[in-house]
Amino acid sequence: PSPDAAKLDRTPRRTCVVCRSTTAKRTLHRIVRSPAGTVAYDPTGKAAGRGAYLCGQAVCLDQAVRRRSIQRALKVTDTAAADAAVEALRNQVLSERVALASRHPRSSDDKEVRSG
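Residues numbered from 1 in each chain as written. Predicted model: local features only at pLDDT ≥ 70, side-chain atom pairs only at ≥ 80, totals over all residues. Heavy atoms only, no water.

Observations regarding the overall build of the protein
(1) Moving on: Scanning the protein from terminus to terminus reveals five helices and five strands.
(2) Moving on: Taken from N to C terminus, the helices and strands of the protein fall in the order α-β-β-β-β-β-α-α-α-α.
(3) Moving on: Here the protein holds 116 residues, and 29% of them are scored as buried.
(4) Moving on: Counted over contacts in the protein with a minimum sequence separation of 6, partners at least 24 positions apart contribute 45%. (Helix = DSSP H or I, 4+ residues; strand = E, 2+ residues; numbered from the N terminus. Buried < 20%, exposed > 50% of the residue type's maximum accessible area, 1.4 Å probe, protein only. Contact = heavy atoms within 4.5 Å.)

Next up, the structure:
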């Protein structure tokens, strides 16, 4: 690609530590190990420290805990903190889905059916 094309596509891309899918940074969820060593879910994506990204799919969240993917990516040994961060992310994803579902009801469920 030409240098001009490279300048246009400057969207940061990251990879889910479980399923290895690569996508725009903003569509993934970040778990961070702070410089102090604490592990937490980072909803802003801007906290200082080493980050690991998850796509947010339920399967990936389950496997992240089972495979210890977050501990490996963040180079930490505190299993409880990493698991708690994944749980915080899971709760956030679930609450976002509930909010979306309540805002956009299924059109087929709400329509009145009239018979001739």
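A look at the pattern of salt bridges
(1) Moving on: The tally for this structure, following the rule as stated, stands at four salt bridges.
(2) Moving on: Linking D42 and R30 is a salt bridge whose minimum nitrogen-to-oxygen distance equals 2.8 Å. Residue D42 is located in strand 4 (residues 39–42), and its partner R30 is located in strand 3 (residues 29–33); the two are separated by 12 residues in the primary sequence. Take D42 and R30: they sit in the same class, and that class is buried.
(3) Moving on: The partner of R68 in a salt bridge is D83, with the nearest N and O atoms 3.7 Å apart. Highlighted residues: R68 in the loop between helix 2 (58–67) and helix 3 (69–74) and D83 in helix 4 (residues 79–103), separated in sequence by 15 residues.
(4) Moving on: Within the structure, one salt-bridge network assembled from shared partners comprises D62, E87 and R90. (Salt bridge = Lys/Arg side-chain N within 4 Å of Asp/Glu carboxyl O.)

A few points about the nonpolar core
(1) Moving on: Ranked by internal contacts, the top residues of the largest apolar core, which has 23 residues, are V18, I31, V39, L54, I70, L74 and L89.
(2) Moving on: Listing elements by their share of this core, those giving two or more residues are strand 4, strand 5 (50–54), helix 2, helix 3 and helix 4.
(3) Moving on: If near-sequence neighbours (up to four positions away) are discounted, I70 is found in contact with V17, I31, A52, L54, A64, A82 and V86. (Core = buried A, V, L, I, M, F, W, Y, C linked by side-chain atoms within 4.5 Å.)

Description of helix 2
(1) Moving on: Those residues of helix 2 lying buried are C60, L61 and A64. The arc enclosing the buried residues of helix 2, seen along the axis, measures out at 100°, which places them on a common side. Along helix 2, the residues that are exposed and aim more than 90 degrees away from the buried face are V59 and R66.
(2) Moving on: Each element contacted by the buried residues of helix 2 is listed here: strand 5, helix 3 and helix 4.
(3) Moving on: Trailing helix 2 by a residue or two, R68 shows a phi angle of about 60°, which is positive. (Arc of directions from axis to C-beta.)

Focus: the packing of helix 2 against helix 4
(1) Moving on: In the contact formed by helix 2 and helix 4, the axes pass within 10 Å of each other and the chain directions differ by 170°. When the axis of helix 2 is compared with that of helix 4, the two are roughly antiparallel. In this structure, helix 2 contributes A58, L61, D62 and V65 to the contact, and helix 4 contributes D83, V86, L89 and R90.
(2) Moving on: Classifying every residue of the contact of helix 2 with helix 4 by side-chain character gives five nonpolar, no polar and three charged. (Axes fitted to C-alpha atoms, helices over the stretch in contact; angles between N-to-C directions. Parallel < 35°, antiparallel > 145°, perpendicular 65-115°, else oblique. Nonpolar A, V, L, I, M, F, W, Y, C, P; charged D, E, K, R; others polar.)

Here we look at the side chain of R90
(1) Moving on: By the element assignment, R90 lies in helix 4.
(2) Moving on: Leaving out residues up to four positions away in the same chain, R90 has contacts with A58, L61 and D62.

Considering the environment of P12
(1) Moving on: In this structure, P12 sits in the loop between helix 1 (3–8) and strand 1 (13–15).
(2) Moving on: Residue classification places P12 among the partly exposed positions, given a relative accessible area of 41%.
(3) Moving on: Sequence separation of P12 and T23 is 11 residues, and the distance between their C-alpha atoms is 8.5 Å.
(4) Moving on: Apart from the residues within four sequence positions on either side, P12 is in contact with T23, A24 and K25.

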